[in-house]
Each structure stands twice: as C-alpha cells, then as structure tokens.
Amino acid sequence: LGLGLAIVLNRPDLRGRKVYRLLLIVPWAVPSYITALTWKWLFNTQYGPINAMLGMIGVGQVDWLGESAFTNFAANLATNVWLGFPFMMVISLGALQSIPADLYEAASIDGASGWQKFRHVTLPLLRPALFPAVILGTIWTFNLFNVIYLVSGGGPDHKTEILITEAYYLFSVMRRIGLAAAYSVLIFVLLLAYTLITNKLTQATEAVDR
C-alpha cells in the first residue's frame, strides 16, 4: 500500500501532491494509542461508522470485537495497516525520487512497457531502501503493544494476543514475573534471528556497508 501510494504521488503531473503527501503522513504523526482508540470506536458494534456504512448497503451488524477471533484479528490488522503505510510510503517516495529519469527514457526508447519499467528499473533500484524498511516495519509490528491492547484486548480468550501483550498479561495479571521475563528474552531472540537471516538473504544493508 505504501509503495503504491508513493508511485502515485511521484507522478509529476499529479495536482496537489504536497497536500496529498501531508494528509497521508497524518496517520503516522498521530500517537499510536489515539489511533488505536479511534479504530476501536470505528469498529464499535452499535455506534461505529463501519457498521453504519455496512447497514447502508444492506449488511447486518458485525460484532467486530466480540467472540470471533477472525473479526478481532481483522480490526487489529486494519489498525496496524493504517499506522504502518505512511512510513513505507515516505521511504518509497524518497527512493523513487532518487531514480534518474534518464533510465526511464532509455527504457521507453527500448520499447519497455509500464510493467517492464517497474519490474526492471524501479524495483531493483528501490531494493536498498525497501528491504531495511521492511525489516524495521516487521520489528515495530512485532512489538506493537498499543494496537492489541487497546483494540481487541487480546480477545476473544487471548486468541489475538501477541508475545509482547502476553508477556504484559503474565506480568501484570498472573504475576508470573519469571515467565514474563522469559517471553521478553524470546522476543529479543526471535527478532535478532529474523533480522540477521533476512539481512543475510536480502543483503539489505549491503549498500550501507559499502
């Protein structure tokens, strides 16, 4: 989503680009707990705008934050996407603007289509910026406590918990401090292993090392 919006905003013939950029960065600028509470209200069964819009097209009320793990997960996912796409958009837009226009002109002369330009020119040159951003975004999402805690609360019956919220539950409710500490160490080890393996496979920081 962030890459797609960046490609649209990078078009030189797009009117009001500065306004669009400002508006699309707003979700990133707003504190995450405010965003999470706002989305929780949007998904409210009785008063939420999402159910109101569904009712306008003849769809019955959905108990988004009720007993269904799927709808709770969908609410968490929508909130996380809203929080995450501006970061990827900014990174992608900066990388797109660094690509020389001469490369696209040369590809056009060679008869390349729009898809071929994107595949063989845009994506390879975006790789040094996108892979580190994906790694960082994954780490942020892995530890995104606010969304789970404030939107679904880990419900129903802990089915939408993630490790960080489960560690908090063990510490604050169950008072199992040792197990909560073990969860924290496990989170660190998983993220470290993920970062090292992904960096090795994608050579995400190769350009930085050089």
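Scroll up to find the structure this text is about.
Residues numbered from 1 in each chain as written. Predicted model: local features only at pLDDT ≥ 70, side-chain atom pairs only at ≥ 80, totals over all residues. Heavy atoms only, no water.

Enquirer: Help me understand helix 4 (residues 49-56), please; the structure alone is not making it clear to me.
Expert: An α-helical turn contains 3.6 residues, so any two residues separated by three or four positions project in the same direction. Every buried residue of helix 4 is accounted for by Ile50, Asn51 and Leu54. Burial along helix 4 is one-sided: seen end-on, the buried residues are contained in an arc of 95°. With respect to the buried face of helix 4, the exposed residues turned more than 90 degrees away are Met53 and Met56. Against the buried residues of helix 4 lie helix 3 (32-42). (Buried < 20%, exposed > 50% of the residue type's maximum accessible area, 1.4 Å probe, protein only. Helix = DSSP H or I, 4+ residues; strand = E, 2+ residues; numbered from the N terminus. Arc of directions from axis to C-beta. Contact = heavy atoms within 4.5 Å.)

Enquirer: Can you walk me through the pattern of salt bridges in this structure?
Expert: When the charged atoms of two side chains lie near each other, side chains of opposite charge can form a pair. Tallying each qualifying case throughout the model produces one salt bridge. Across the salt bridge formed by Arg11 and Asp13, the nearest N and O atoms sit 3.2 Å from each other. The exposure class of Arg11 is partly exposed, given its relative accessible area of 45%. (Salt bridge = Lys/Arg side-chain N within 4 Å of Asp/Glu carboxyl O.)

Enquirer: Would you explain the side chain of Ser92 in this entry?
Expert: Within the secondary structure, Ser92 is located in helix 5 (residues 69-97). When sequence neighbours within four positions are dropped, the list of residues in contact with Ser92 reads Leu3, Ala6, Leu126 and Leu130.

Enquirer: Would you take a moment to explain a nonpolar patch on the surface for this structure?
Expert: Taken together, the side chains of Ile25, Trp28, Val90, Leu136 and Trp140 make up a nonpolar region of the molecular surface, amounting to roughly 410 Å² of accessible area. One can find Leu136 in helix 7 (residues 114-142). (Patch = residues over 30% accessible without salt bridge, like charges linked within 9 Å, V, L, I, M, F, W, Y side chains within 5 Å. Areas by Shrake-Rupley, 256 points an atom, 1.4 Å probe, with all protein chains shown as cover.)

Enquirer: What exactly am I supposed to notice about the packing of helix 8 (residues 145-152) against helix 9 (residues 163-172) here?
Expert: Packed helix pairs are specified by the crossing angle of their axes together with the interaxial distance, meaning the distance between the axes. Taken N-terminus to C-terminus, the directions of helix 8 and helix 9 make an angle of 65°; their axes are 8 Å apart at the nearest point. When the axis of helix 8 is compared with that of helix 9, the two are roughly perpendicular. Along this stretch, helix 8 crosses helix 9, giving a crossing that reads as right-handed. Listed contacts from helix 9 to Phe145, Ile148 and Tyr149 of helix 8 are Ile164, Thr165 and Tyr168. Its residues assigned to classes, the contact of helix 8 with helix 9 shows five nonpolar, one polar and no charged. (Axes fitted to C-alpha atoms, helices over the stretch in contact; angles between N-to-C directions. Parallel < 35°, antiparallel > 145°, perpendicular 65-115°, else oblique. Left-handed = near helix turned anticlockwise from the far one by under 90°. Nonpolar A, V, L, I, M, F, W, Y, C, P; charged D, E, K, R; others polar.)

Enquirer: Is there a simple way to explain the nonpolar core in this structure?
Expert: Here is a general trend for soluble globular proteins: nonpolar side chains tend to be buried in one another's company. Counting 13 residues, the largest nonpolar core has Trp39, Phe43, Ile50, Trp64, Val147 and Val151 as the members making the most contacts within it. Mapped onto this core, the elements with two or more residues apiece are helix 3, helix 4, helix 5 and helix 8. Leave out the neighbours within four places in its chain, and Phe43 touches Ile50, Trp64, Leu65, Ala75 and Ala78. (Core = buried A, V, L, I, M, F, W, Y, C linked by side-chain atoms within 4.5 Å.)

Enquirer: Got a minute to help me understand unusual backbone geometry in this structure?
Expert: Most peptide bonds are trans, and most residues other than glycine sit at a negative phi. The residue after Gly155, namely Pro156, is reached through a cis peptide bond having omega 0°. Along the chain, Pro156 turns up in the loop between helix 8 and helix 9. We note that Arg175 has phi near 60°; this positive angle belongs to a residue other than glycine. Inspection of the secondary structure assignment puts Arg175 in the loop between helix 9 and helix 10 (177-202).

Enquirer: Any chance you could explain the environment of Leu37 here in plain terms?
Expert: Along the chain, Leu37 falls in helix 3. Given a relative accessible area of 44%, Leu37 falls into the partly exposed group. In this structure, the C-alpha to C-alpha distance between Leu37 and Thr79, residues 42 residues apart in sequence, is 9.5 Å.

Enquirer: Help me understand the packing of helix 6 (residues 101-109) against helix 7 in this model?
Expert: Close contact between helix 6 and helix 7 brings their axes to 10 Å; oriented N to C, the two are set at 160°. Between helix 6 and helix 7, the angle is such that the two are roughly antiparallel. In this structure, the crossing between helix 6 and helix 7 has a hand that is right-handed. Between helix 6 and helix 7, the contacting residues are Leu103, Tyr104, Ala107 and Ser108 on the first element and Lys117, Val121, Thr122 and Leu125 on the second. Class assignment for the residues of the contact of helix 6 with helix 7 results in five nonpolar, two polar and one charged.

Enquirer: Honestly, the layout of surface pockets in this entry has me stumped. Any pointers?
Expert: Over the atoms, a rolled probe matching the size of one water molecule traces out where space is still vacant. The computed volume of the largest pocket comes to approximately 440 Å³. Lining the largest pocket are 22 residues; nearest its centre among them are Asn80, Leu83, Gly84, Phe85 and Thr141. Of all the elements in the fold, those that place two or more residues in the lining of the largest pocket are helix 1 (2-9), helix 2 (17-29), helix 5 and helix 7. In terms of residue count, the dominant contributor to the lining of the largest pocket is helix 5 (seven residues). Class assignment of the residues belonging to the lining of the largest pocket gives a composition of 15 nonpolar, seven polar and no charged. Empty space within the second largest pocket amounts to approximately 350 Å³. For the second largest pocket, the lining is made up of 14 residues, of which Ile7, Asn10, Leu96, Tyr104 and Thr122 are closest to its centre. (1 Å grid on protein atoms, 1.4 Å probe; cavity = no way out; pocket = protein on both sides within 12 Å on 5 of 7 lines; lining within 4 Å. Points joined across faces, edges and corners; volume = space filled by probe spheres on them.)

Interpretation note: all reported values are geometric properties and have no functional meaning in isolation.
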